[in-house]
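# Architecture and fold: a report
Given next are the chains, with one letter for each unit.
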Amino acid sequence: VASGDDVVGGKELDDNTKRFPERLLADHLVSPGWCLYNQGKNGVTTSTYISSGPMSQAYTMRPDLHTITLGEQNKPAVDLITSCFDKVKSHDFAGATACATAVVGNTSLWSTIEGDDAAILSTDKIMAAQRPGLVVAVTNYPNPFPRAEDVADEIVQLCVPLIDTIPTCTTRWAQLPAALLAIDQAFTKLNSTIKASLAPYQAGPNGWRYVYVDVAPKFEDHCMTMEVQIKTKVEHPEQSGAVHQHDSPTVNFGCSEEWFVEGSTGRDLPNYLLPASLGVLVEWSQTTENMGVYPNADGHQCIADAIWEADTIDPGATPLKWKLGYPEPSTTDYCD
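Here we summarise the structure given alongside this text. Note that the structure is a prediction, hence the values are computed from the model and not measured.

Attention shifts here to the state of the cysteines. Considering all chains together, one arrives at four disulfides under this definition. There is a disulfide in this structure between Cys84 and Cys99, and the S-S distance comes to 1.9 Å. As the torsion about the S-S bond is roughly -85°, the Cys84-Cys99 disulfide counts as left-handed. Remark: Cys99 occurs in helix α6 (residues 93-104) and Cys84 occurs in helix α5 (residues 83-89); sequence separation between them is 15 residues. Put simply, Cys159 and Cys169 are joined by a disulfide, and their sulfur atoms are 2.1 Å apart.

Here's what the structure looks like:
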């Protein structure tokens, strides 16, 4: 049974067979007798998973493997991939920083996730008493955004060609690293809360049943694409009204080999370019393309492989596949 939200449900994928539960079944759980029940559904939170039926359905299924991916859709954690995302796409980096900071500081969010996770995992504990081979795999979430330390050169590439609006462009884009850092801190808080909620169930003689699947590090070099181009036209009265066109190249602030589905184009006017350092800015526009927050087929493949190999990064730990009775050699180079 694969329980969870939009990620499990394969939001924005063009083919359900590319979802990680389906890949896990097709690629790894190849012996006879396995079947899959994918509960993934858009917008499911830890609370609605408990109250709207999926938790009781999973219990009724009595699975041998239960994967759980929940928390990102809880409010306001979901802001990281909705309103905070929109602010980055619109180049409102100060707003994105404030958005992510508010997520981190929302103590009610984290206590709700902890409490709901306890209820979910306690149900699985009861389930395990009736299904002795049950293994529970709890996954965390990858941060789809670029790393703060990776965008400095791109800011220069974007702003310098604009000539007459270099100062205003640089002032605005210098705020991007802080926004990316705040967003990363929010994802780190989300994942650490999920991990801490699982820890009590990993203690004791039956702790082997509960596996934390840390997919986030595998996605760091496969973040979203974020291709930006700015176009400007400046009139120069001091040059008898001459008009100069200054456009930036298309600069990718994200990753070249992304594991996230590409999204729609952002076209909000970059009014932050006003005023020009010399002359009058008469036309200005921008396109921000291909940003996306949901894993693509490659991302789902990595999640499936990470679940299968989970625990191999911890010395002396038993990989999940061994817990399920598959005596394959252990490997740590999955997702490469």
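This next bit is on the packing of aromatic side chains. Counted under the stated rule, the structure contains seven aromatic pairs. Where Phe85 meets Phe145, the ring centres are 6.2 Å apart and the plane angle is 65°; that geometry is what we call edge-to-face. With Phe85 in helix α5 and Phe145 in the loop between β3 (135-139) and α8 (152-159), this residue pair connects regions lying 60 residues apart in the sequence. For the pair Phe85 and Phe145, one class covers both residues: buried. When the ring of Tyr201 is compared with that of Tyr210, the centres are 5.7 Å apart and the planes differ by 50°; the resulting orientation is tilted. In terms of burial, Tyr201 and Tyr210 fall into one category: buried. Taken together, the ring pairs in this structure connect Phe93, Trp173 and Phe253 into an aromatic cluster. Directly above the aromatic system of Tyr59 lies the positively charged group of Arg62, at a separation of 4.3 Å from the ring centroid. Residue placement shows Lys218 over the ring face of Tyr334; its charged tip is 4.4 Å from the ring centre.

What counts and what doesn't
Residues numbered from 1 in each chain as written. Predicted model: local features only at pLDDT ≥ 70, side-chain atom pairs only at ≥ 80, totals over all residues. Heavy atoms only, no water. Disulfide = S-S within 2.5 Å. Helix = DSSP H or I, 4+ residues; strand = E, 2+ residues; numbered from the N terminus. Phe/Tyr/Trp six-rings, centres within 6.5 Å; stacked < 30°, edge-to-face > 60°. Buried < 20%, exposed > 50% of the residue type's maximum accessible area, 1.4 Å probe, protein only. Lys NZ or Arg CZ within 6 Å of the ring centre and 35° of its normal.

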